[in-house]
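Descriptive analysis of the structure
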Amino acid sequence: MKSPERRSGASGAVVRDWLDEVWGRTEAAVVLEGGDNGGQLAERGLLGEVFDAEDLALLRSLTTTGAFIDDICRCHGSVTIALLDAEGEFIGAGSVHGRTDVSWERDRFENNLEVADPERLARFLERLGVWTR
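Presented here is a report on the structure given in the accompanying data block. (Residues numbered from 1 in each chain as written. Predicted model: local features only at pLDDT ≥ 70, side-chain atom pairs only at ≥ 80, totals over all residues. Heavy atoms only, no water.)

**A few points about the nonpolar core**
Judged by nonpolar contacts, the single largest core of 27 residues is most densely connected at Trp23, Leu59, Leu83 and Trp104. Within the residue set of this core, elements represented by two or more residues are helix H1 (12-24), strand S1 (28-33), helix H2 (53-64), strand S4 (79-84), strand S5 (90-97), strand S6 (101-104), strand S7 (113-115) and helix H4 (118-127). It is H1 that contributes the most residues to this core, five residues altogether. Here leucine 83 is in contact with Val22, Trp23, Thr26, Ala28, Ala29, Glu89, Phe90, Ile91, Gly92 and Trp104, once residues within four sequence places are set aside. Val30, Leu32, Leu41 and Ala82 belong to the second-largest nonpolar core, a separate cluster that totals six residues. (Core = buried A, V, L, I, M, F, W, Y, C linked by side-chain atoms within 4.5 Å. Buried < 20%, exposed > 50% of the residue type's maximum accessible area, 1.4 Å probe, protein only. Helix = DSSP H or I, 4+ residues; strand = E, 2+ residues; numbered from the N terminus. Contact = heavy atoms within 4.5 Å.)

As structure tokens, this is what we get:
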């Protein structure tokens, strides 16, 4: 839901360009405890890991397909999906909000993605042993 005091965030096209670039360098993904207020990524608890190429492709599709809402959720999210490059360095992160949205680099872009298939994303995360609120 948009609020009257909404700050201007990045357009969906800008976020999609960034997503294409960062996912193109992604070699693994991890699901970490906490949302946008969870602290440094490296200090969070590990909830799940994705290394398999097919699972990475599926996770990419599930977390990048949908419509940008030109707003952000007011909660901090439940878990964070962090992307790692070939050296194991964090190169991007998105928090899961309400089982329907992913907020990629929230402080940077301020534009949640309402995912196209929230039920399938929830099932994917549950298969990793991750339960979202």
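**Some details on the packing of aromatic side chains**
To describe a pair of aromatic rings, one takes the distance between the centres and the angle between the planes. The tally for this structure, following the rule as stated, stands at three aromatic pairs. Residues tryptophan 18 and tryptophan 104 carry aromatic rings whose centres are separated by 6.3 Å and whose planes lie at 55 degrees to one another, so their mutual orientation is tilted. Residue tryptophan 18 is located in helix H1, and its partner tryptophan 104 is located in strand S6; the two are separated by 86 residues in the primary sequence. The two residues tryptophan 18 and tryptophan 104 agree in class, both being buried. On the basis of an interplanar angle of 80 degrees and a centroid distance of 6.3 Å, the ring pair of tryptophan 23 and tryptophan 104 is categorised as edge-to-face. Of this pair, tryptophan 23 sits in helix H1 while tryptophan 104 sits in strand S6, placing them 81 residues apart in sequence. (Phe/Tyr/Trp six-rings, centres within 6.5 Å; stacked < 30°, edge-to-face > 60°.)

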